[in-house]
Amino acid sequence: MPPRHFLTLTDLTSDELKQILLRATELKKIHRERTQYQPLKNRVMAMIFEKSSTRTRVSFEAGMAQFGGHALFLSPRDTQLGRGEPIEDSARVISSMVDVVMIRTFEHEKVTKFAEYSSVPVINALTDDYHPCQLLADMQTYLEHRGSIEGKKVVWVGDGNNMCNSYINAAHLLNFELTVACPKGYEPASKILEQHQDRVTVTQDIKKAATDADLIVTDVFASMGQEEEQEKRLQDFQGYQVTQHIMSLAKSDALFMHCLPAHRGEEVAADVIDAKDSVVWDEAENRLHAQKALLEFLLCECEE
Ligand code: CP
Ligand code: NVA
């Protein structure tokens, strides 16, 4: 049987996603009780990072160790990947020696090509187009704080980027209404929007978007790889900061999320990210638990 990959959220069915989210909360409890649970004893994950990371690296590496397995950090600087060895060859070789591969890179096509030639599951740990692992943690966090997200109003403020695209996929799988408030020219990719027109509204009006929201989410103006656009983006995104005023337009129990790292004073005001409605620290911690649930799903359930 070919391996199950996790390249975008839509590699899961809606039921599988909900099952992983519930399991993530159970694994968090098991971890906090310090109960030893090692379903991946002697199993190895290769982690390929072509972009920087704090949360993704720490959560996958810690998660594999807690599960009794091991994680290998591979960067293009010290592997043949950085010297132009074809993806197809790298995928065949690496997957012949490990049980699962995690990749953070630029072009999404790189992870799809790696997956095509890999004999083990491949996990997308962020590409220019998607960041599905973050959505597992975000959706787990909403569920833990407020219950089911079905039918809720979620507002994405800022760039129609990899995180925004993954929110669109989550809206489809978990049945919530997503409003994207972004400056002209920074809308999410039209091919993704067209597929999910029933769930997603795009507007330039951040105040209208935030009104009655259950969850407001934002991300940096310039993502990794867009550093040279930082100055232009600071201009173009003026008025798209999540401020206390924007939060006050949302429902009284609305939550604030940000995948981090954050730039206080740019996309979010310091008094929003550090306020009590902000769940960014739980969101970051849940990367660990949600990805452990994903690993268990891919390596234990799907390979049974
Ligand atoms: N949110 C997130 O993916 O963080 P890192 O870039 O630190 O991994
Ligand atoms: N959109 C951001 C997310 C970082 C976790 C980036 O791609 O840099």
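Rules used in this analysis
- Residues numbered from 1 in each chain as written.
- Chains lettered and ligands numbered in written order.
- Predicted model: local features only at pLDDT ≥ 70, side-chain atom pairs only at ≥ 80, totals over all residues.
- Heavy atoms only, no water.
- pLDDT = per-residue confidence, 0-100.
- Helix = DSSP H or I, 4+ residues; strand = E, 2+ residues; numbered from the N terminus.
- Pairing = 2+ DSSP bridges.
- Axes fitted to C-alpha atoms, helices over the stretch in contact; angles between N-to-C directions.
- Near = heavy atom within 4 Å.
- Polar contact = N/O pair within 3.5 Å; in protein donor to acceptor, adjacent residues only side chain to side chain.
- Areas by Shrake-Rupley, 256 points an atom, 1.4 Å probe, with all protein chains shown as cover.
- 1 Å grid on protein atoms, 1.4 Å probe; cavity = no way out; pocket = protein on both sides within 12 Å on 5 of 7 lines; lining within 4 Å.
- Sits in = over half its atoms within 2 Å of the grid points.
- Nonpolar A, V, L, I, M, F, W, Y, C, P; charged D, E, K, R; others polar.
- Contact = heavy atoms within 4.5 Å.
- Phe/Tyr/Trp six-rings, centres within 6.5 Å; stacked < 30°, edge-to-face > 60°.
- Buried < 20%, exposed > 50% of the residue type's maximum accessible area, 1.4 Å probe, protein only.

Asks: Kindly report on the confidence of the model for the protein, identifying the contributing residues and their values.
Replies: Mean pLDDT over the protein: 97, with 100% of residues reaching 70 or higher. Of all helices and strands in the protein, the one with the weakest mean pLDDT is helix H7 (residues 190-195) (92), whereas strand S4 (residues 122-124) scores best (99).

Asks: So what's going on with the sheet that holds strand S9 (residues 255-258)? Which residues, and what values?
Replies: As summarised here, the arrangement of the 5 strands in space is S7-S6-S5-S8-S9, forming an open sheet in which the pairing is parallel. Across the chains shown, the open sheet's two edge strands, defined by having one partner strand only, are strand S7 (200-203) and S9. Strand after strand, the sheet turns through a mean of 20 degrees between neighbouring axes, direction not considered. Here 4 bridges tie strand S6 (residues 177-181) to S7, and the two strands are oriented parallel to one another. The residue bridging Val180 from the neighbouring strand is Val202, located in S7.

Asks: A description of the site of ligand 2 should follow, citing residues and the corresponding values.
Replies: Lining the immediate surroundings of ligand 2 are Leu126, His131, Asn161, Asn162, Asp219, Ser223, Met224, Cys259 and Leu260. At 2.8 Å, a side-chain N or O of Asn162 approaches an oxygen atom of ligand 2. Separating a nitrogen atom of ligand 2 from a side-chain N or O atom of Asp219 is a distance of 2.6 Å. In the complex, the protein chains occlude 94% of the 270 Å² of accessible area that ligand 2 would expose alone. Because more than half of its atoms lie within 2 Å of the grid, ligand 2 is assigned to the largest pocket. A class-by-class count of the residues in the shell around ligand 2 yields 4 nonpolar, 4 polar and 1 charged.

Asks: How would you explain the site of ligand 1 if you had to name every residue and give the values?
Replies: Surrounding ligand 1, one finds Ser53, Thr54, Arg55, Thr56, Arg104, His131, Gln134, Cys259, Leu260 and Arg287. A distance of 2.7 Å separates an oxygen atom of ligand 1 from a polar atom in the side chain of Thr56. Within the side chain of His131, one N or O atom sits 2.9 Å away from an oxygen atom of ligand 1. Across the complex, the protein chains shield 96% of the 260 Å² of accessible surface that ligand 1 would expose by itself. Here the residues of the shell around ligand 1 sort into 2 nonpolar, 5 polar and 3 charged.

Asks: Outline the sheet that holds strand S3 (residues 100-104), supporting the account with residue identities and numerical values.
Replies: With respect to topology, 4 strands assemble into an open sheet ordered S2-S1-S3-S4, the strand pairing being parallel. Of all the strands in the sheet, the pair left with one neighbour each is strand S2 (70-74) and S4. Looking at each pair of strands side by side, their axes are set apart by 20 degrees on average, direction ignored. Packing of helix H4 (residues 108-117) onto the sheet brings it into contact with strand S1 (44-49), S3 and S4, and relative to S4 it is tilted by some 170 degrees.

Asks: Report on the packing of aromatic side chains, specifying residues and quantitative values.
Replies: Taken as a whole and judged by the stated rule, the model has 5 aromatic pairs. Look at Tyr186 and Phe237: their rings are 4.6 Å apart centre to centre, the planes differ by 50 degrees, and that puts the pair in the tilted class. Here Tyr186 is found in the loop between S6 and H7, whereas its partner Phe237 is found in the loop between helix H9 (230-236) and helix H10 (244-249), with 51 residues between them in sequence. Taken individually, Tyr186 and Phe237 each receive the classification buried, so the pair is uniform in this respect. Geometrically, the ring pair formed by Phe221 and Phe237 is stacked, given 4.7 Å between the ring centres and 20 degrees between the ring planes. In this pair, Phe221 is assigned in the loop between strand S8 (215-218) and H9 and Phe237 in the loop between H9 and H10, connecting sequence segments 16 residues apart. Overall, the relative accessible area of 4% leaves Phe221 in the buried class. On the basis of relative accessible area, Phe237 is assigned to the buried category, the value being 1%. Connected via pairs of aromatic rings, a cluster forms that spans Tyr186, Phe221 and Phe237.

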